[in-house]
Amino acid sequence: MRVLQTQRLRLIALNTGQLRAYLNAPERLESELGVAVSREIVTDTVRGAIALKLARMDKVDARHHPWFTYWLVVVESVPFGAGLVGYKGMPDHNGAVEIGYGIDPEYQNKGYITEAVQALIRWAFHQPNCQAVTAHAVKNPASNRVLQKVGMRVTHTQEGESSWRITKIEWQQLP
């Protein structure tokens, strides 16, 4: 099991069985991980994203799964699996990968997602094939603040949507 630790969080890269359990039997996932998990974040959109992730994970070597799965964001002080962060696949031919995230409403505006996104960016840039991390935000000021805090910059805006990006070189120059 791949785990990242930050000051306040533990990020667990969920395997295919754990993702399926989150969708169909979250109590089984809770038993396996020893931590309660949010039901609030598993919306219809997230269900569709998990199904897509599972389909893609079934087609790639398991060593690439951290690029395809969701990482469970466990708030250690509770402990509680409050959010999900993850990439939308491996870096493309230019070395860019897109990141996405969500968190239980009870845990919003506490800096947890910012901390989790920072950890995943750090992990990505320690992989030799990743040169940039991108994100897309849709009319969501809180999401935009997260991306700004982690050092990303807006590369494109259109009708309330914004595209964000940070390169490995930019990340290395952050204070």
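As a reminder, the structure under discussion sits directly above these lines.
Residues numbered from 1 in each chain as written. Predicted model: local features only at pLDDT ≥ 70, side-chain atom pairs only at ≥ 80, totals over all residues. Heavy atoms only, no water.

Undergrad: Can you help me understand the overall build of the chain in this one?
TA: Within the chain, the secondary structure is distributed over seven helices and nine strands. What you see for the chain is a C-alpha radius of gyration of 15 Å, in line with the 16 Å of a compact globule of 175 residues. The C-alpha extent of the chain, read off along each of the three principal axes, is 40 × 35 × 35 Å. Counting only residues that meet the buried cut, the chain has 50% of its 175 residues in that class. Taking all contacts inside the chain whose residues are at least 6 apart in sequence as the whole, residues at least 24 apart take part in 56%. Total accessible area on the chain is roughly 9100 Å²; 48% of this is exposed by carbon and sulfur atoms. Considering the chain, the positive charge centre built from 20 side chains and the negative charge centre built from 16 side chains are found 5 Å apart. (Helix = DSSP H or I, 4+ residues; strand = E, 2+ residues; numbered from the N terminus. Rg over C-alpha atoms; globule rule 2.2 N^0.38 Å. Buried < 20%, exposed > 50% of the residue type's maximum accessible area, 1.4 Å probe, protein only. Contact = heavy atoms within 4.5 Å. Areas by Shrake-Rupley, 256 points an atom, 1.4 Å probe, with all protein chains shown as cover. Lys, Arg positive; Asp, Glu negative; His and termini not counted. Charge placed at Lys NZ, Arg CZ, Asp CG, Glu CD.)

Undergrad: In this structure, what is going on with the environment of Asn129? I would like to understand it.
TA: Position of Asn129 among the secondary structure elements: in the loop between helix H5 (112–125) and strand S7 (132–138). The sequence separation of Asn129 and Leu4 amounts to 125 residues, and the corresponding C-alpha distance is 19 Å. With residues near it in sequence (within four places) discarded, Asn129 still touches Trp67, Met90, Pro91 and Gly95.

Undergrad: Looking at this model, I keep getting lost on the nonpolar core. Mind explaining?
TA: In summary, soluble globular proteins display a tendency toward joint burial of nonpolar side chains. Membership of the largest hydrophobic core comes to 57 residues, with the highest contact counts inside it found for Leu11, Leu14, Tyr22, Leu72, Val85, Val133 and Met152. Setting aside anything within four residues of it in sequence, one finds Val85 in contact with Leu11, Thr69, Tyr70, Trp71, Val73, Gly100, Tyr101, Ile113, Ala116, Val117 and Leu120. (Core = buried A, V, L, I, M, F, W, Y, C linked by side-chain atoms within 4.5 Å.)

Undergrad: Just checking my understanding: could you explain the side chain of Glu30 for this structure?
TA: Relative to the assigned elements, Glu30 resides in helix H2 (residues 26–33). On the basis of relative accessibility, which here comes to 18%, the residue Glu30 falls in the buried class. Not counting residues within four places of it along the chain, the set of residues in contact with Glu30 comprises Val35, Ala36, Val37 and Arg39.

Undergrad: Honestly, the packing of aromatic side chains in this entry has me stumped. Any pointers?
TA: Centre-to-centre distance and the angle between the planes together describe a pair of aromatic rings. A complete count under the given rule lists seven aromatic pairs for this structure. Judged by centre distance (5.5 Å) and plane angle (50°), the rings of Phe125 and Trp171 are tilted. Here Trp171 lies in helix H7 (residues 168–172) and Phe125 lies in helix H5, a separation of 46 residues in the sequence. Each residue in the set Trp67, Trp71, Tyr87 and Trp123 is aromatic and connected to the rest through ring pairs, giving one cluster. The ring of Tyr70 has Lys53 sitting right over it, with the charged end atom 4.5 Å from the ring centre. (Phe/Tyr/Trp six-rings, centres within 6.5 Å; stacked < 30°, edge-to-face > 60°. Lys NZ or Arg CZ within 6 Å of the ring centre and 35° of its normal.)

Undergrad: Sorry if this is basic, but what is going on with the layout of surface pockets here?
TA: One way to see where empty space is left: roll a probe the size of a water molecule over the atoms. By volume, the largest pocket amounts to about 950 Å³. Tyr101, Gly102, Ile103, Asn140 and Ser143 are, among the 41 residues lining the largest pocket, the residues nearest its centre. The set of elements that each furnish at least two residues to the lining of the largest pocket consists of helix H3 (44–57), strand S5 (80–87), strand S6 (96–103), H5, S7 and helix H6 (141–149). When grouped by side-chain class, the residues that make up the lining of the largest pocket number 20 nonpolar, 13 polar and eight charged. For the second largest pocket, the calculated volume is near 150 Å³. (1 Å grid on protein atoms, 1.4 Å probe; cavity = no way out; pocket = protein on both sides within 12 Å on 5 of 7 lines; lining within 4 Å. Points joined across faces, edges and corners; volume = space filled by probe spheres on them. Nonpolar A, V, L, I, M, F, W, Y, C, P; charged D, E, K, R; others polar.)

Undergrad: What is the right way to read the packing of helix H1 (residues 16–24) against H2 from this model?
TA: Two quantities define a packed helix pair, namely the angle between the axes and the distance from one axis to the other. Closest axis-to-axis distance for the H1/H2 pair is 6 Å, and the angle between their directions is 135°. Our classification of the angle between H1 and H2 gives oblique. From H1, Gly17, Gln18, Ala21, Tyr22 and Asn24 reach across to H2, where they touch Pro26, Arg28, Leu29, Glu32 and Leu33. Grouping the constituent residues of the contact of H1 with H2 by class yields five nonpolar, three polar and two charged. (Axes fitted to C-alpha atoms, helices over the stretch in contact; angles between N-to-C directions. Parallel < 35°, antiparallel > 145°, perpendicular 65-115°, else oblique.)

Undergrad: Sorry if this is basic, but what is going on with the pattern of salt bridges here?
TA: Charged atoms that come close allow side chains of opposite charge to pair. The final tally for this structure, using the stated rule, is seven salt bridges. In this structure, Arg153 engages Glu170 in a salt bridge whose closest nitrogen and oxygen atoms are separated by 2.8 Å. Taken together, the residues Arg153 in strand S8 (residues 153–158) and Glu170 in helix H7 connect sequence positions 17 residues apart. For Glu170, a relative accessible area of 25% gives the class partly exposed. (Salt bridge = Lys/Arg side-chain N within 4 Å of Asp/Glu carboxyl O.)

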